[in-house]
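Take a look at the letters that make up each chain.
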Amino acid sequence: RSTLDRSSAASDVYKRQWRKRPYLERKEIRLEMERAHHEAVKTKTPDTWSVSESEHFLVVSHTSKKFTKQMVNGAELFFEWCEKRFGKLGDDYVRRPVIRLFKDYDEYSAFHFGSSNSTGWSLLGSDREIGTYYDNYNGSSGRDVNRLFGGILRHFLQERDPYIVTYTPYWLTWALDDYVSEVFVKGRKLDFRVEDWARDEARDMHREGKLPKLQELLTADEAGYTALRKKDRRTNYAASQALRYVLGPGKKDKAFKDFLIRYFQAAIAVGEKHDDSFKGVSTSDAQTEEEEEKLAKEAAKRRKERAKDLQAEINKSVLGSITGKAWAKHEKAVSYTHLTLPTSDLV
C-alpha cells in the first residue's frame, strides 16, 4: 500500500473510541488476540519445526538450537532498544509477534514476506511475521539477526500508535530501515554501522552536484520524494545519510533535538486531529464502469491532496522553527560531515 492508502486503514484499526477504554481492558483485548494468533501458528507448524517463546516473541524455527538462540537473543536486545527509544510514544501493550527462522535462503524466499510498498512500511496486521534465515557465509557474525530489526521496529511503532506508521514519509522510512539493517550484535551490545555503499553513493552525488538539499529531503512528501528517486536512484542513500546527520551533529540545533520522537508525536497529533473528519469518495454508488472509474480517480486525487496537506502540517510542527539562515548553515555542514559519521547509536 502507498502512504495515501494507509490513512483510512489506520482510522479503521485505531478509532478514537479505542483510547477511551481503560488501559487494563485494552491490554486484555490485545492479549487475547495474541493468544489466538499464537495458538493458530502452533497448530499449523509442522513437527519438523521447533516452537518456543521468549519474553517478546513467539519463535518458530527450522534451524539449529544454537542459531535459534542467537537470533532470539539479538531480537530481544533490539526490542529493548525500541522500548528505550520509543516506548513513551504510547502505553498500549505490544503484542508479541512471530519470528520465523528458515533453514536457508531458498526456504526463506519461498515464504511470503512481501509488500507492495518499496520500504515495507505498510500497516501491519496482528498476524504479520518477521523472518530471517541461516546463512553459511555469515556464520556466527550476528549479521543474520539484523534482517529482523526492520520488522521489529515497524511492529513496535505500529503497536504503540498506528498513526506513526501511517504518516511517516518515504524518505524517513527508507532511512530508518537502512539505519537498523546495518546493526550488528556483539555480545549484549548493538553495533550501529554505516555501510560503505551508502556513504560512497551519497559522496558521489555531492561530488557530481546532485546531492539533494537537506531541507528538500526532510520536507518531501510522497510525491516529492518519488520525483527525487526517479531523478536519481541514489536519493535513498542521501536520505539515509541525511537522517544520520540530523541524529548526529545536527542535533546541536534545537530544531533537531529528539527529532524522531518529536516527528512521531507530530504524526500522532495530526492523525488524531484529522482522521475522523476526512470524507473520502466511495465508488459503491456507481452505476456504470465509467462512473466507477471517475469516482476512483476523484478518491485518489482527494487522498493525495489530503496527504500532502497533512505532511505539510507535520513539517511545520517539527521543522517550522528553522530559519533560512539556519537551513543554509545545515546545508553547508551536511555536504561533508554527514557522509563520514561515526557508527555509534545516534537515536
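This text goes with the structure placed above it.
Residues numbered from 1 in each chain as written. Predicted model: local features only at pLDDT ≥ 70, side-chain atom pairs only at ≥ 80, totals over all residues. Heavy atoms only, no water.

Caption draft 1: Up close: the overall build of the protein chain. On a plain count of helices and strands, the protein chain comes out with 15 helices and six strands. Burial statistics for the protein chain: of 347 residues in total, 52% are counted as buried. For the protein chain, the exposed area adds up to about 17,600 Å²; of that, 50% sits on carbon and sulfur atoms. (Helix = DSSP H or I, 4+ residues; strand = E, 2+ residues; numbered from the N terminus. Buried < 20%, exposed > 50% of the residue type's maximum accessible area, 1.4 Å probe, protein only. Areas by Shrake-Rupley, 256 points an atom, 1.4 Å probe, with all protein chains shown as cover.)

Caption draft 2: Spatial organisation of the sheet that holds strand β3 (residues 98-102). The four strands are arranged β1-β2-β3-β4 in an open sheet whose pairing can be described as mixed. One side of each edge strand has no neighbouring strand; the edge strands of this open sheet are β1 (50-53) and β4 (129-133). Neighbouring strand axes in the sheet, compared pairwise and without regard to direction, differ in orientation by 20 degrees on average. Both strand β2 (residues 58-61) and β3 contribute to a ladder of four bridges, which runs parallel. Residue Leu58 lies in a different strand from β3, and its bridge partner there is Val98. (Pairing = 2+ DSSP bridges. Axes fitted to C-alpha atoms, helices over the stretch in contact; angles between N-to-C directions.)

Caption draft 3: Geometry of the pattern of salt bridges. Scanning the model with the defined rule gives 24 salt bridges in all. Where Arg154 meets Asp177, a salt bridge forms, and the shortest distance between an N and an O atom there is 3.0 Å. Of this pair, Arg154 sits in helix α6 (residues 149-160) while Asp177 is found in helix α8 (residues 170-181), placing the two residues 23 residues apart along the sequence. Of the two residues, Arg154 and Asp177, neither departs from the other in class, the shared state being buried. Residues participating in the shared-partner salt-bridge network are Glu34, Lys42, Glu53 and Arg96. (Salt bridge = Lys/Arg side-chain N within 4 Å of Asp/Glu carboxyl O.)

Caption draft 4: Seen up close, the packing of aromatic side chains. One pass over the structure, following the stated rule, counts 20 aromatic pairs. Ring geometry for Trp81 and Phe86: centres 5.9 Å apart, planes at 85 degrees, overall edge-to-face. This pair shows no difference in class: Trp81 is buried, exactly as Phe86 is. When the ring of Phe86 is compared with that of Phe264, the centres are 5.8 Å apart and the planes differ by 65 degrees; the resulting orientation is edge-to-face. Taken together, the positions of Phe86 in helix α4 (residues 65-86) and Phe264 in helix α13 (residues 259-274) put the pair 178 residues apart, joining distant regions of the chain. Three or more aromatic residues link up through ring pairs in this structure, and these residues are Phe78, Trp81, Phe86, Phe149, Tyr179, Phe192 and Phe264. The residue whose ring lies beneath Arg100 is Trp49, and the NZ or CZ to ring-centre distance is 5.5 Å. Geometry around Tyr133 places Arg147 over its ring, the cationic atom sitting 4.0 Å from the centre. (Phe/Tyr/Trp six-rings, centres within 6.5 Å; stacked < 30°, edge-to-face > 60°. Lys NZ or Arg CZ within 6 Å of the ring centre and 35° of its normal.)

Caption draft 5: Summary view of helix α12 (residues 235-247). If you check α12, its first and last C-alpha atoms are 18 Å apart, about what 13 residues at 1.5 Å a residue would give, namely 18 Å. Counting buried residues along α12, 13 of its 13 residues qualify, which places the element largely inside the surrounding structure. (Expected span 1.5 Å × (residues − 1).)

Caption draft 6: Spatial organisation of the pairing of β4. Burial analysis of β4 places five of its five residues in the buried class, which makes it a mostly covered element. By the alternation rule, side chains of β4 split into Glu129, Gly131 and Tyr133 and Ile130 and Thr132, which are all buried. Two elements, β3 and β4, share five bridges in a ladder whose sense is parallel. Within β4, the residue paired with Leu101 across the bridge is Thr132.

Caption draft 7: Local environment of helix α11 (residues 222-231). Considered for burial, the residues of α11 that qualify are Glu222, Tyr225 and Leu228. One face of α11 carries all of its buried residues, which in axial projection span an arc of 130 degrees. Of the exposed residues in α11, those oriented more than 90 degrees away from the buried face are Ala223, Lys230 and Lys231. For α11, the side-chain oxygen to backbone nitrogen distance between the N-cap and Ala223 is 3.3 Å, and the N-cap itself is Asp221. (Arc of directions from axis to C-beta. Polar contact = N/O pair within 3.5 Å; in protein donor to acceptor, adjacent residues only side chain to side chain.)

Caption draft 8: Structural view of a negative patch on the surface. Together, Glu289, Glu290, Glu291 and Glu292 give the surface a local cluster of negative charge. Tracing the sequence through the fold places Glu291 in helix α14 (residues 289-319). (Patch = residues over 30% accessible without salt bridge, like charges linked within 9 Å, V, L, I, M, F, W, Y side chains within 5 Å. Lys, Arg positive; Asp, Glu negative; His and termini not counted. Charge placed at Lys NZ, Arg CZ, Asp CG, Glu CD.)

Caption draft 9: Focus on unusual backbone geometry. Unlike most non-glycine residues, Asp258 shows phi in positive territory, near 50 degrees. Here Asp258 shows up in the loop between α12 and α13.

Caption draft 10: Spatial organisation of the pairing of β1. For β1 and β2, the ladder comprises four bridges, and the chain directions are antiparallel. Looking at the pairing, Glu53 lines up with Leu58 of β2. Between β1 and β2, which pair antiparallel in sequence order, lie four residues.

Caption draft 11: Spatial organisation of the packing of α13 against α14. Between α13 and α14, the shortest axis-to-axis distance is 9 Å and the interhelical angle comes to 135 degrees. Regarding the angle of α13 to α14, the classification is oblique. Handedness of the α13/α14 crossing: right-handed. When α13 is examined against α14, the residues Phe259, Arg262, Tyr263, Ala266, Ala267, Val270, Lys273 and His274 are found in contact with a partner set consisting of Arg306, Leu310, Gln311, Glu313, Ile314, Asn315, Ser317, Val318 and Leu319. (Parallel < 35°, antiparallel > 145°, perpendicular 65-115°, else oblique. Left-handed = near helix turned anticlockwise from the far one by under 90°. Contact = heavy atoms within 4.5 Å.)

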